[in-house]
Amino acid sequence: MATSRDYGLGEFDFPRGWFMIGAASEATRIPAAIRYFGKDLVLYRGESGTPYVVDAYCPHMGAHLARNSTSYIVRDGEHVEGESIRCPFHGWRFGTDGACNHIPYSDFIPKAAKLQTYPVVERAGILWLWHDPEGLAPDVDLANFGGHYGEPGWVEWKIDYMGDLNSHGIEIVDNMADFGHFVPIHGATDWQYFANDFKEGHLHQYYSAGHRTLTANPEDMLVLDTWYEGPGFLQSEMAGTFDSFIMIANTPVEDGVTRSWHALMVKVHDGSRETTAEDRALALAYQEGSRLAFAQDVEIWANKRACLNPLAIPADGPYGKVRTWYRQFYNPRDKAPEFQARVNGLHVTLDKRPGHKAA
Ligand code: FES
Ligand SMILES: [Fe+2]
């Protein structure tokens, strides 16, 4: 497995951004051990319903805050109190700012009794964590997924876990520029247009062609606007057999190991009637088609060696630009504009649209 340093991404091993850490259902009143960004963490839900993520190890004597089933703190239901979490070992309790707010056998609470906490937002049925190697508050809003989650006429997605891949996130984001893989991997036909637009922290891919995995009839066109708002997840507005919206998340577990998920929402009617069980079944079947298309990429990533420098040819898409764009998230925030300035703008790889000049 190759690390961020091997790829020469920048000063940080893990990037800045919003990252999926699981389905909303994974946050409960029972604290759970999770691991991302090379760190042991604990996820729990407070009494108000708000999810929290804190470092796993207690500053007192290092007990794991979640990996316990026998302490009387856990057995007596004192593990989560209000919004606070209590350590199973000596019962120190930590609030939402991470500071210890109760020690059962002492009025004195040391200042250093503090857990690191991470901003977490629950949206579209998913838990999102803000990771920042500089420890700063989010400077970008979490995406709103086209506003389609819960929108009348749209069937909400389920979460497809795609595996923990021995591939760095950059290999997945490379896909944005990967014109040459669409025919062999996805069965693209009748190419009309393929382009990438680099806009500061956003990266778009515009695709217009047939798609053997995703269209019902070989002659149907698929028109996709696919983008990243930061390094952690892809969104795609797709016009095909149905209007739909894809989300693909990739979160570092270790440096060079990436957890991947896929989800898709489908517009099944115009919102003027109730959604039926039949609609839902149809949407799930469409999601499964999209999952299979993504699994075609995943099979490559799960088995490839690291590609530190693509042997790129002129007819490939702009891998180099994508990698430069990606580096902004592995360097201090105030350096991001330097990377953006080097890539900002539209890069057209193919344009066969009638009335348009070939690029
Ligand atoms: S180790 Fe957590 S309270 Fe002592
Ligand atoms: Fe792909």
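Analysis parameters
- Residues numbered from 1 in each chain as written.
- Chains lettered and ligands numbered in written order.
- Predicted model: local features only at pLDDT ≥ 70, side-chain atom pairs only at ≥ 80, totals over all residues.
- Heavy atoms only, no water.
- Salt bridge = Lys/Arg side-chain N within 4 Å of Asp/Glu carboxyl O.
- Buried < 20%, exposed > 50% of the residue type's maximum accessible area, 1.4 Å probe, protein only.
- Helix = DSSP H or I, 4+ residues; strand = E, 2+ residues; numbered from the N terminus.
- Pairing = 2+ DSSP bridges.
- Axes fitted to C-alpha atoms, helices over the stretch in contact; angles between N-to-C directions.

For the protein, the name recorded in an unreviewed UniProt entry is Rieske (2Fe-2S) protein, with Novosphingobium aerophilum as its organism.

Caption draft 1: Representation of the pattern of salt bridges. What the rule picks out here adds up to 19 salt bridges. A salt bridge links K158 to D160; its shortest N-O distance comes to 2.6 Å. Residue K158 is classed as partly exposed on the basis of its relative accessible area of 38%. D164 is the salt-bridge partner of R259, the closest N and O atoms lying 2.8 Å from each other. Of this pair, R259 sits in strand β19 (residues 257–267) while D164 sits in strand β13 (residues 160–165); the two residues are 95 residues apart in sequence, bridging distant segments of the chain.

Caption draft 2: Looking closely at the sheet that holds strand β11 (residues 126–131). Here we have 3 strands laid out as an open sheet, ordered β1-β11-β10, and antiparallel in their pairing. Of all strands in the sheet, those bounded by a partner on one side alone are β1 (17–23) and β10 (120–123). Shown here is a sheet whose adjacent strand axes are inclined to one another by a mean of 30°, direction ignored. Pairing between β1 and β11: 6 bridges, direction antiparallel. Its bridge partner lying in β11, G22 is registered against L127.

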